[in-house]
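Close look at the chain arrangement
Next come the chains, spelled out residue by residue.
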Amino acid sequence: MNRKLELASGAVLASLMLGVGAASAEEIRLMCSSDGNECEAAMEIIQRFEADNPGVKVVMDKVPYKAILENLPVQLAAGTGPDIAKVTDLGGLNEYYLDLAPYVDRDYWETSFGDTLNWYRSGPDDDGIYGMHSQLTITGPYINKTLFEQAGVEIPAADADWDTWAEAARQVAEATQTPFPMAMDRSGHRIAGPAISYGAKLFDENGDPILVDDAFTEYVNKFVGWHNDGTMARDVWGASGGTSYQDAAQEFINGELVYYFSGSWQVQRMDSSIGDAFDWEVVGSPCGAAGCSGMPGGAGFVGFKDTKHPETVAKLIDYLAQEDNYTELTAKSLNIPAHSGVAAKGVTYIDASQKANDALNAWGAQVAKILPVAFKYQGYKNNRAMFNITLSRVSQAIVGELSVEDAMDRAKEDLATALAEAGK
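Residues numbered from 1 in each chain as written. Predicted model: local features only at pLDDT ≥ 70, side-chain atom pairs only at ≥ 80, totals over all residues. Heavy atoms only, no water.

In the nomenclature of an unreviewed UniProt entry, the protein is known as ABC transporter substrate-binding protein of Roseibium porphyridii. Database annotation for the protein, UniProt heading Subcellular location (unreviewed entry): "Periplasm". Regarding the protein, the relevant UniProt record gives this comment under Sequence similarities (unreviewed entry): "Belongs to the bacterial solute-binding protein 1 family." (UniProt positions renumbered as here; feature names shortened; annotations may be inferred.)

Rendered as structure tokens:
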């Protein structure tokens, strides 16, 4: 063989070998959304996983939260979804989940993640392991403490009700010429906690969903009234249609909002964006006849059935779930841990200011106040339909398309239709 032919043959062989290597590499696509740095913190840990598993490449697609809510379900239905995603519609996407149980230590997962595993399951007869709950959250309010001090208005007590908080926020806004006294994220999940505090049962005595009852309607009446009299920032709920999500974090960060009902996941955003511009504080959820409850929730990493690499997907999620890695993820992303072992030992938050540490401790103290029905609602597999029904019908009442009474009647009809379509 002459030298040129030998070199050419060698080049072809090398090219073929590279092609085989490329074909055998496992590329895992991960869709992630975060209000803070959770995606980046997870990726730091994932890079170690890649180093320990040559041939595995994880590609993270960081997307807006709306893409997780609206685009991901469409992709999954079409069979074009990612291998892994960080999701918040926990039980609602169960039909697409990869069961991790054949690949992981069940005892470790059951001990570490306990009841949150049920949130990802299809029902009481399902014992699969589908998701690692990376971000335990609770809904509730932030206040601009500086505005209260400037207005000379006393911050209401821990057991204050919604009416007391609404009056205080109005007084502060008027005294300080702040545009908005109160705002709540445009979300059916967010309004659920206050309704539950007012005594909403959401389920009947047989455990079947009803959504609307007298207590639920009572809170919606107040909520709509606050939008009509200017207590609530109207555009958050009134300027969007359908089931689109909208928060009011930027208004709070800009000092334009006295009282903001959102949740614990906003701590990092508040800490980094507000800085020393003003003092802010986490306060407990206002009380109603039944209690002072927020809604539990959060997000977790799940794998999907359509992945071509189920064992690697499970191995990666299990890697994130190991106690040391989970502790690191929690500490860097400023989250409340859902891992029982990590929670028991406590978390030293990394690069968190004193305000952020105080806020996270305040959120942790609210977990004990969550009413049982709130946990049940969060774990119910059709809760996304109920959240969306709430969102669309309450919004129609706010903008005057429907009376509250008609909106609640329509919500009942919507639920019946949704349950029939779901076969439940």
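Past the structure itself, the notes keep going.
Remarks on helix α13 (residues 310-321)
Over its 12 residues, α13 extends 16 Å from the first C-alpha to the last, a length consistent with the 16 Å expected when each residue adds 1.5 Å. Of all 12 residues that make up α13, 9 are buried, and the element is covered over most of its length. Within the span of α13, buried status applies to Thr312, Val313, Ala314, Leu316, Ile317, Asp318, Tyr319, Leu320 and Ala321. (Helix = DSSP H or I, 4+ residues; strand = E, 2+ residues; numbered from the N terminus. Expected span 1.5 Å × (residues − 1). Buried < 20%, exposed > 50% of the residue type's maximum accessible area, 1.4 Å probe, protein only.)

Quick look at unusual backbone geometry
Of note, glutamine 177 is a non-glycine position whose phi angle comes to about 60°, a positive value. With respect to the helices and strands, the residue glutamine 177 is situated in the loop between α7 (162-176) and β5 (180-184). In this structure, aspartate 351 is a non-glycine residue whose phi angle is positive, near 55°. Structurally, aspartate 351 is set in the loop between α15 (340-345) and α16 (354-366).

What about the state of the cysteines?
If you walk through the whole model with that rule in mind, you get 2 disulfides. A sulfur-sulfur separation of 1.9 Å characterises the disulfide bridge that pairs cysteine 287 with cysteine 292. Taking the sign of the S-S torsion, 90° for the link of cysteine 287 and cysteine 292, the bridge is right-handed. Assessed through its relative accessible area of 8%, cysteine 287 is described here as buried. Ordinal numbering of bonded cysteines along the protein defines a disulfide pattern of 1-2, 3-4. (Disulfide = S-S within 2.5 Å.)

Some words on the pairing of strand β2 (residues 56-62)
The pairing of strand β1 (residues 26-32) with β2 spans 7 bridges and is classified as parallel. Bridge pairing in β2 links isoleucine 28 to valine 58. With helix α2 (residues 38-52) bridging β1 and its parallel neighbour β2, the resulting β-α-β unit is right-handed. (Pairing = 2+ DSSP bridges. Right-handed = clockwise from strand over helix to strand, strands pointing away.)

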